[in-house]
Amino acid sequence: MDPGSLIASAGINIGLAIVILSLFSILKKQPSYAPVYYPRRLSQSQSSQRNRNNVPSFNGSLTPRRFLPSLSWISRAYRVSEDEILETGGLDALIIIRLFKFGIKFFLVCSLIGLAVLLPVNYSGQGQLAKSRQQSYQALSRHSLDLFSISNIEPGSNRLWVHFSCLWFISLYGVYLLYKEYHEILSKRIQQLRNIRHQPDQFTVLVREIPFCNEHRSRGCCVDKFFSKHHPYAYHSYQILYDGKEFQALLGQAKSIERKIEDLSKRSAGKKHNEMPLLSNPSHHDAAKLASHEEKLEELHHKIHQLQSENKLKEKELPVAFVTFKTRLGAALVSHSQQHADPLLWITDMAPEPRDVSWRNLVIPYRLLPLCRLGVIVAATLLTIFFTIPVTAVQGIAKFEKLKKWFPPAKALQLIPGLSSIITGYLPSAVLKGFIYIVPFPMLGMAKLAGCISRSKEEIKASNMVFYFLVGNVFFWSLLSGSLLDEIGESFTHPKDIPSHLATAVSAQADFFVTYILTDGLSGFSLEILQPGLLCWDAIKSCTYGRGKEKTPFLYSLPYYRIIPTVSLSVLIGMVYAVVTPLLLPFLIGYFCLGYVVYINQIEDVYETVYDTCGQYWPYIHHYILIAMVLMQITMIGLFGLKSKPAASISTVPLLFLTLMFNEYCKIRFLPTFHLLSIQNAKEFDELDVKCNQMEFNYESASIAYCPPCLRPLNVMQSEPSYSPIVSTSSI
């Protein structure tokens, strides 16, 4: 990629970002777009009188200031504290922001070292790379960043020890930051668990593979007998689950009829208001329709109530139950231990939040879960393999010289000045980003089929699959299809040049990854905050079936499964190229600064918090960053070897082992506390509740919090789980 292509990509992305962010700052001031840009605030104000002050205020007068771009939303984002984010979106949302802050801290130091130390060393090695200045310029025209990368260092040069020293410093600094982040987030997790200790999930255990009682023809009595016998002082009550497929089908029909009744009622009210002439007024027809729908709805309600009767429910019992305990200590002990000699019976796990439960997956038999997970892995692998086709095509576009050989009509692009630079500089990264945007959605769909017990676990699994997809396709396959295959092809004619070809292969793709970072950061984050899809949908609704109706906020949950993998990929690209091509690093600082501002705005104003795992995403982010660090070190071991500096290569191996040992230490020191509530913390929280006289109230609330959908009264089907079940649970 020549310098013109890089400049074209930077110019287009910067221009688009300025236009999009300016448009966003104008639309954000318009009251008609509040459902798009303030949905979280609007929904909170509607649901709670306490949050009425959070409603955004708009200037109703048509002043010029209202239609001019402003930067006030940026300065506001930098004023938001971590405590405010924690209160607004929970610890999971704060972890997103901490990821961006980690990127800023890490790459700021890397940029200072890269620009002050490595860049001059690389640039001054120009004469050692090529035999003549003409060859150097030819190399520069092919790979515009080679002059500033490690490729410009002569094999065997002592200058490589500078790169070796910087690699050690960057790695140790990254390890220090990771340890600090892990320790701080663990402290925040424990504090958050203390603050929300009234939550029912701290008193509740999910029990699966419950045996069937032949005597009473029920599983519920088995639960009561088992826990009354083995945990007599801690056990409080249980809620057995039921197969609610038939119930859900009837409920869907009832909701559809309710919407029709509501529309007919509004239409009739509008006609009465307009006082239409008697001969042309079809109110009699509407009244007949309304009566018919109400009769059908009454029949459906009667069928639903029949399904909710105790005799019918016994036939639909599942071997799954939520068991509530009188203390957190009792729940923690049960969830940590094996309950039966047969490990496939009485399987226990800490319950997720009631709002986080994935009810449909609890129907899946526990013994079938390995098959479900295997199927998901196979499907994700096939999707990853399939996407190598568009990634290879993207690399073909990026290499215009190769494209002209493969497709001669492409030479016509050179007739239009600057067009080839736009196509090779901007188009490949834009097309790749378009494909990447689609990937998280099928991955989430696959994760939902894996049998996870909660939405949060589904999104964590999807996040894992998306990250490995991006590493495999966007990083490794882009590297292979864009560099190594071409270099290996040339090496057949010059076998002695294999080391030099492979040494330049990694840095040869640096220019492509610069354009990728620019597109993902400037254009990607700008489109994220503008929400063009919702703007179009809002316009369509306003002009069609939503005309004249009150607008409802476009409220969605924070897409962790999309944000975390893409940002982690940028961390990986930055780490791998930190020593190889330090000129990439300043672009990453801009990437993380813009992402930080954008997602603080989205967390504060746009996205809804639908669950809070209290930081369970961080161990996975830590793992992704460590993978990036290991790849950086392995890459440098290979480059030192190919640059005929085996001493530097061998001296890097201890650094790799040190990083892997650090990873094992973190698994022992931090990871277990992210998966389980420790006995010490459980006892401490219990003592706090006893002092405040809240213990009984909290476990009584927990005993009714996990009411399955098929037991909920019809008038509260859509409400949060703060209701009593129709069929009472057994308790002691």
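Q: Explain the side chain of Arg328 here, please?
A: Along the chain, the position of Arg328 falls in helix α13 (residues 328-336). What makes Arg328 buried here is its relative accessible area of 0%. Here the side chain of Arg328 touches Asp689 through a polar contact of 2.6 Å, side chain to side chain. Contacts of Arg328, omitting those with residues within four sequence positions, involve Arg197, His198, Gln202, Phe203, Ala682, Phe685, Asp686, Asp689, Met695 and Asn698.

Q: When you look at the packing of helix α4 (residues 72-79) against helix α25 (residues 585-606) in this model, what are you seeing that I'm missing?
A: Two quantities define a packed helix pair, namely the angle between the axes and the distance from one axis to the other. The N-to-C vectors of α4 and α25 enclose an angle of 85°; their axes lie 9 Å apart at closest approach. Judged on the interaxial angle alone, α25 and α4 are roughly perpendicular. Between α4 and α25, the residues in contact are Trp73, Ile74, Arg76, Ala77 and Tyr78 and Cys593, Tyr596, Val597, Ile600, Asn601, Glu604 and Asp605, respectively. Residues belonging to the contact of α4 with α25 are distributed by class as follows: 8 nonpolar, 1 polar and 3 charged.

Q: It is not clear to me how a nonpolar patch on the surface should be interpreted in this structure. Could you clarify?
A: Where nonpolar side chains cluster on the molecular surface, the patch consists of Leu374, Val378, Leu382 and Ile385 and spans about 390 Å² of accessible area. Along the chain, the position of Leu382 falls in helix α14 (residues 369-386). By relative accessible area, which is 55% here, Leu382 ends up exposed.

Q: Even after reading the chapter, I still don't get a negative patch on the surface, so can you show me in this structure?
A: The grouping of Glu294, Glu295, Glu298 and Glu299 at the surface amounts to a negative patch. Along the chain, the position of Glu295 falls in helix α11 (residues 283-307). Here Glu295 falls in the exposed class, since its relative accessible area comes to 51%.

Q: Mind showing me how you'd approach unusual backbone geometry here?
A: Comment: phi is negative for the bulk of residues other than glycine, and the bulk of peptide bonds are trans. Unlike most non-glycine residues, Gln531 shows phi in positive territory, near 55°. Mapped onto the elements, Gln531 comes out in the loop between α22 (510-530) and α23 (532-543). Looking at Gln531, the relative accessible area reads 13%, which means it is buried. With a phi close to 60°, Cys614 is a non-glycine residue in the positive phi region. You can see Cys614 is positioned in the loop between α25 and α26 (618-642). The exposure class of Cys614 is buried, given its relative accessible area of 3%.

Q: Is there a simple way to explain the pattern of salt bridges in this structure?
A: Should the charged atoms of two oppositely charged side chains come close, the side chains can pair. All told, the structure shown has 19 salt bridges when counted by the stated rule. A salt bridge links Asp605 to Arg41; the shortest N-O distance between them is 2.9 Å. A residue pair is termed long-range when its members are at least 10 positions apart, and Asp605 in helix α25 and Arg41 in helix α3 (residues 39-47) qualify at 564 residues. With respect to burial, Asp605 and Arg41 carry one shared label: buried. For the salt bridge of Glu684 with Arg194, the shortest nitrogen-to-oxygen distance reads 2.5 Å. Placement of Glu684 in helix α29 (residues 679-692) and of Arg194 in helix α8 (residues 160-195) is noted, with a sequence separation of 490 residues between them.

Q: Please explain the nonpolar core as it appears in this structure.
A: Grouped burial of nonpolar side chains is what soluble globular proteins tend to show. Phe106, Phe107, Met443, Met575, Tyr577 and Phe592 are the most contacted members of the largest nonpolar core, which has 137 residues in total. Considering every element that reaches this core, the biggest residue donor is helix α5 (residues 82-123), with 18 residues. Apart from residues no more than four positions distant in its own chain, Phe592 is found in contact with Leu99, Phe100, Gly103, Ile104, Phe107, Val567 and Val571. Judged by nonpolar contacts, the second largest core, of 37 residues, contains Cys213, Leu250, Phe325 and Cys710.

What counts and what doesn't
- Residues numbered from 1 in each chain as written.
- Predicted model: local features only at pLDDT ≥ 70, side-chain atom pairs only at ≥ 80, totals over all residues.
- Heavy atoms only, no water.
- Helix = DSSP H or I, 4+ residues; strand = E, 2+ residues; numbered from the N terminus.
- Buried < 20%, exposed > 50% of the residue type's maximum accessible area, 1.4 Å probe, protein only.
- Polar contact = N/O pair within 3.5 Å; in protein donor to acceptor, adjacent residues only side chain to side chain.
- Contact = heavy atoms within 4.5 Å.
- Axes fitted to C-alpha atoms, helices over the stretch in contact; angles between N-to-C directions.
- Parallel < 35°, antiparallel > 145°, perpendicular 65-115°, else oblique.
- Nonpolar A, V, L, I, M, F, W, Y, C, P; charged D, E, K, R; others polar.
- Patch = residues over 30% accessible without salt bridge, like charges linked within 9 Å, V, L, I, M, F, W, Y side chains within 5 Å.
- Areas by Shrake-Rupley, 256 points an atom, 1.4 Å probe, with all protein chains shown as cover.
- Salt bridge = Lys/Arg side-chain N within 4 Å of Asp/Glu carboxyl O.
- Lys, Arg positive; Asp, Glu negative; His and termini not counted.
- Charge placed at Lys NZ, Arg CZ, Asp CG, Glu CD.
- Core = buried A, V, L, I, M, F, W, Y, C linked by side-chain atoms within 4.5 Å.

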